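The residues making up each chain are set out below.
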There are 4 protein chains.
Amino acid sequence: MEKRLSETVEIEVRFSEVDSMKVVWHGNYMQYFEDGREAFGRKYGLDYLTIYGQGYFVPVVDIAFHYRKPMEYGRKALLTVTYRPCEAAKILFDYEIKDSETGEVLTTGSSVQVFMDRNYQLEVSSPAFYKEWKKRWL
Amino acid sequence: MEKRLSETVEIEVRFSEVDSMKVVWHGNYMQYFEDGREAFGRKYGLDYLTIYGQGYFVPVVDIAFHYRKPMEYGRKALLTVTYRPCEAAKILFDYEIKDSETGEVLTTGSSVQVFMDRNYQLEVSSPAFYKEWKKRWL
Amino acid sequence: MEKRLSETVEIEVRFSEVDSMKVVWHGNYMQYFEDGREAFGRKYGLDYLTIYGQGYFVPVVDIAFHYRKPMEYGRKALLTVTYRPCEAAKILFDYEIKDSETGEVLTTGSSVQVFMDRNYQLEVSSPAFYKEWKKRWL
Amino acid sequence: MEKRLSETVEIEVRFSEVDSMKVVWHGNYMQYFEDGREAFGRKYGLDYLTIYGQGYFVPVVDIAFHYRKPMEYGRKALLTVTYRPCEAAKILFDYEIKDSETGEVLTTGSSVQVFMDRNYQLEVSSPAFYKEWKKRWL
């Protein structure tokens, strides 16, 4: 089995992220996943600013969440973002949030990003820097 | 083809919802979809407060977004939320955001909610009020 | 007493805006106030897009909130935004949120905006269009 | 001059916090200030959970922001939250955000919190635990 590229960040639930059912409002996981993508990006040189510096945006075109167990205020959890290799001009990630102490899986998900140039034109082929990035890391 | 239950709400993009790429940050669609669910709920008597009054929560357990075209500040769009019937103790919705003028589809998605009682116990069978609701509307 | 320019918008508290104390998280009032400013702007031709079209940004430099009574999910309230005339190159607003039914004052506040040109340079004198706007409306 | 109690936290601006003017939307500072209050609370035993364990809520009743210089994506800044002693049954804080490298002051502010018991009744006198806390730390 090939080794996957991944990064793990800690999630500390804030008071304002918890709703009247005393658990994190499901919509807040969008921000957790983006924090995870950016942490992965900083680790592997694939963060928004680096990509922008190369002349591209990487908008999210698909994202999905599966909520198994909720998180309450003060909960500490770990989000692992794993890069899923593919041939297309896309960036695929899988996400897993686990309780820091028990390791119980709380939430999973996946996302797809594509490349757009500075004129918001979709890139149908991987930009040169991304091909280089894949050669370097995969 | 059976007639589907649906409700349509207008989305008016706010300044703060738009990011530095001048389009709505993808994470904000979680709120649009929830606004749509609540509008559907008010139309058909299946909103959070009514369900809570019956003794249940309806947490989202799955949600997915497919972003085709972005929305910028001031854009007016229509979100249609359609109920998808199923046999299980779940509430399924499909979402479609279209430009108010052109009708172009901008974003689609789907969600799944389950029933939990006030003690946060999952209901494996449809609560009585939900069976009545289905009889009434489907 | 001179007649003040003002606009009133309805606030309908969303589920996600309410915290674990079952009232609107105080931070969400920033968005309510901005919604109010933009509604005032659309009524009097002083909204962000119009101002931007004239070549300016109007960043908020001061804002203050006084919370008297909280709002819970489903509460309907009215926010009135009133323009406070001044000689300087500033836009001053006073805010008041009242319960739609009882008229009880729930929250008050104020804000100050200044003018910056497209190069983010502060305008120390009122832009021409703002002087014209004042002549027209005050 | 008496030594003031304070805590400093790092702010790392996220992509989603930045608006179409490429600076942090002013409304997001509500969350920064709350993060600062909670960090102060964890340092001195005056965080939301500890206070709640004593039987109280500490809702914000006043908060004000003065924005001098904006922050853009990727900016690193330091927020210092300083406790301002007072005789009343209130918790007063002053805030200062400075650039991590230059020390330039970017934003300042202040807030006032009061004590409410679990029945949402305002405490006009300092709760016993707060008097003890003041004796311990001031």
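Residues numbered from 1 in each chain as written. Chains lettered and ligands numbered in written order. Predicted model: local features only at pLDDT ≥ 70, side-chain atom pairs only at ≥ 80, totals over all residues. Heavy atoms only, no water.

Asker: Please clarify how the overall build of chain A should be interpreted in this entry.
Answerer: If you tally the helices and strands in chain A, you get 3 helices and 7 strands. Written out in order from the N terminus, the α and β elements of chain A read β-α-α-β-β-β-β-β-β-α. Computed over the C-alpha atoms, the radius of gyration of chain A is 16 Å, within 12% of the 14 Å expected from 2.2 N^0.38 for a compact globule of 138 residues. For chain A, the C-alpha atoms occupy an extent of roughly 45 × 35 × 20 Å along the three principal directions. Within chain A, the proportion of its 138 residues that are buried is 57%. (Helix = DSSP H or I, 4+ residues; strand = E, 2+ residues; numbered from the N terminus. Rg over C-alpha atoms; globule rule 2.2 N^0.38 Å. Buried < 20%, exposed > 50% of the residue type's maximum accessible area, 1.4 Å probe, protein only.)

Asker: Mind showing me how you'd approach the relation of the copies chain A and chain D here?
Answerer: Superposition of the two copies of the chain requires a rotation about an axis and a shift along the axis. Mapping chain A onto chain D leaves a residual RMSD of 0.0 Å; the transformation is a rotation of 180° accompanied by 0.0 Å of translation along its axis. Classification of the inter-copy transformation places it as that of a two-fold axis. No C-alpha of chain A approaches the rotation axis more nearly than that of A:Gln31, which lies at 6.8 Å. Interface overlap between copies is the fraction of interface residues in one copy that are interface residues in the other; for chain A against chain D it reaches 100%, indicating a shared surface. (Least-squares fit on C-alpha atoms with pLDDT ≥ 70 in both. Contact = heavy atoms within 4.5 Å.)

Asker: In this structure, what is going on with the pairing of strand β3 (residues 60-67) of chain B? I would like to understand it.
Answerer: Sheet faces and side chains relate simply in a regular strand, where the side chains alternate between the two faces. For strand β3 (residues 60-67) of chain A and β3(B), the ladder comprises 5 bridges, and the chain directions are antiparallel. Opposite A:Ile63, over in β3(B), you have B:Phe65 as the bridge partner. (Pairing = 2+ DSSP bridges.)

Asker: Whenever I open this one, helix α1 (residues 29-44) of chain A confuses me. Can you help?
Answerer: Residue pairs three or four apart in sequence face the same way in an α-helix, which turns once every 3.6 residues. Residues and elements named next belong to chain A. Counted at 1.5 Å a residue, the expected span for α1 with its 16 residues is 22 Å, and the 22 Å between its end C-alpha atoms agrees. Buried residues dominate α1, accounting for 13 of its 16 residues. The positive-phi residue at the C-terminal boundary of α1 is Gly-45, with phi of around 70°. (Expected span 1.5 Å × (residues − 1).)

Asker: Help me out: how do you make sense of the interface of chain A and chain D in this one?
Answerer: Where interface size is given, it is often the accessible area lost as the parts come together that is meant. The interface of chain A with chain D comprises 10 residues on the first partner and 10 residues on the second. Together, the buried faces of chain A and chain D total about 1200 Å²; carbon and sulfur atoms form 44% of this surface. Ranking the residues of chain A by area buried against chain D places A:Arg14, A:Gln31 and A:Tyr73 at the top, with a combined share of 42%. Summed over the shared surface of chain A and chain D, the result is 2 salt bridges. With a shortest N-O distance of 2.4 Å, A:Asp35 and D:Arg14 are connected by a salt bridge. Where chain A packs against chain D, one counts 6 residue pairs in polar contact (both at pLDDT 80 or more). (Buried area = accessible area lost by both parts, 1.4 Å probe. Salt bridge = Lys/Arg side-chain N within 4 Å of Asp/Glu carboxyl O. Polar contact = N/O pair within 3.5 Å; in protein donor to acceptor, adjacent residues only side chain to side chain.)

Asker: Mind showing me how you'd approach the sheet that holds strand β5 (residues 90-99) of chain D here?
Answerer: With respect to topology, 10 strands assemble into an open sheet ordered β1(C)-β4(C)-β5(C)-β6(C)-β3(C)-β3(D)-β6(D)-β5(D)-β4(D)-β1(D), the strand pairing being antiparallel. Both outer strands of the open sheet, β1 (6-12) of chain C together with β1 (6-12) of chain D, are each paired with one neighbouring strand and no more. The average angle at which neighbouring strand axes cross in this sheet is 15°, direction not considered. Two elements, β1(C) and strand β4 (residues 76-84) of chain C, share 7 bridges in a ladder whose sense is antiparallel. Considered in β4(C), the bridge of C:Glu7 is made with C:Val81. (Axes fitted to C-alpha atoms, helices over the stretch in contact; angles between N-to-C directions.)

Asker: Would you take a moment to explain the packing of aromatic side chains for this structure?
Answerer: Here the distance between the centres and the angle between the planes together describe a pair of aromatic rings. Throughout the structure, instances matching the rule amount to 87 aromatic pairs over all chains. Ring geometry for C:Phe15 against C:Tyr73: centres 5.9 Å apart, planes inclined by 85°, an arrangement best described as edge-to-face. Here C:Phe15 is found in the loop between β1 and α1 (29-44), whereas its partner C:Tyr73 is found in the loop between β3 (60-67) and β4, with 58 residues between them in sequence. The exposure class assigned to C:Phe15 is buried, which follows from its relative accessible area of 12%. Aromatic side chains D:Phe40 and D:Phe93 sit 4.9 Å apart centroid to centroid with 70° between the ring planes, which places their arrangement in the edge-to-face category. Here the residue D:Phe40 occupies a position in helix α1 (residues 29-44), and D:Phe93 occupies one in strand β5, the gap between them amounting to 53 residues. Across the pair, exposure class does not vary: D:Phe40 and D:Phe93 are buried alike. Sitting over the ring of A:Tyr52, A:Arg118 keeps its end group 3.9 Å from the ring centre. (Phe/Tyr/Trp six-rings, centres within 6.5 Å; stacked < 30°, edge-to-face > 60°. Lys NZ or Arg CZ within 6 Å of the ring centre and 35° of its normal.)

Asker: Just checking my understanding: could you explain helix α3 (residues 128-137) of chain A for this structure?
Answerer: Residue and element names in this part refer to chain A. Along α3, the residues that are buried comprise Phe-129, Tyr-130, Trp-133 and Lys-134. Within α3, the buried residues cover an arc of 140° as seen down the axis, which keeps them to one side. When the buried face of α3 is taken as reference, the exposed residues oriented beyond 90 degrees from it are Ala-128, Lys-135 and Arg-136. Where α3 is buried, its residues meet α1, α2 (48-53), β2 (56-57), β4 (76-84) and β5 (90-99). (Arc of directions from axis to C-beta.)

Asker: Mind showing me how you'd approach the relation of the copies chain C and chain D here?
Answerer: For the match of chain C to chain D, the screw axis carries a shift of 0.0 Å, the RMSD comes to 0.0 Å, and the turn is 180°. A share of 100% of interface residues in chain C that are also interface residues in chain D marks the association as one of identical surfaces.

Asker: Would you mind going over the side chain of D:Ser111 with me for this structure?
Answerer: Residue and element names in this part refer to chain D. In this fold, Ser-111 is placed in strand β6 (residues 105-114). Engagement of the side chain of Ser-111 in a polar contact is seen with the side chain of Tyr-95, the distance being 2.6 Å. Residues contacting Ser-111, with those up to four places away along its chain left out, are Arg-37, Asp-62, Ile-63, Ile-91, Leu-92, Phe-93 and Tyr-95.

Asker: How should the interface of chain C and chain D be read in this particular structure?
Answerer: At the interface, 18 residues of chain C touch 19 residues of chain D. Of the roughly 1900 Å² buried where chain C meets chain D, counting both sides, 62% is carbon and sulfur surface. Of all residues in chain C, C:Met21, C:His26 and C:Met30 bury the most surface against chain D, accounting for 32% of the area lost on that side. Of all the elements in the fold, those that place two or more residues in the side of chain C that touches chain D are α1 and β3 of chain C. Broken down by element, the residue count for the side of chain C that touches chain D peaks at 8 residues, all from β3(C). Taken together, the residues of the side of chain C that touches chain D sort by class into 11 nonpolar, 4 polar and 3 charged. (Nonpolar A, V, L, I, M, F, W, Y, C, P; charged D, E, K, R; others polar.)

Asker: What exactly am I supposed to notice about the sheet that holds strand β1 (residues 6-12) of chain B here?
Answerer: Adjacent strands of a sheet pair through backbone hydrogen bonds, lying either parallel or antiparallel. Pairing is antiparallel in the open sheet, where 10 strands are placed in the order β1(A)-β4(A)-β5(A)-β6(A)-β3(A)-β3(B)-β6(B)-β5(B)-β4(B)-β1(B). Of all the strands in the sheet, the pair left with one neighbour each is β1 (6-12) of chain A together with β1 of chain B. On average, adjacent strands in this sheet sit at an angle of 15° to one another, irrespective of strand direction.

Asker: Looking at this structure, how should I read empty space enclosed by the protein?
Answerer: In this approach a probe as big as a water molecule rolls over the atoms, and the regions it shows empty are the leftover space. Here the structure, examined in full by the defined rule, presents 5 cavities of 30 Å³ or more. In this model, the largest cavity occupies a volume close to 1000 Å³. As for the largest cavity, its lining consists of 36 residues, of which A:Asn28, B:Trp25, B:Asn28, C:Asn28 and D:Asn28 are closest to the centre. A breakdown of the residues in the lining of the largest cavity according to their chemical character gives 9 nonpolar, 16 polar and 11 charged. (1 Å grid on protein atoms, 1.4 Å probe; cavity = no way out; pocket = protein on both sides within 12 Å on 5 of 7 lines; lining within 4 Å. Points joined across faces, edges and corners; volume = space filled by probe spheres on them.)

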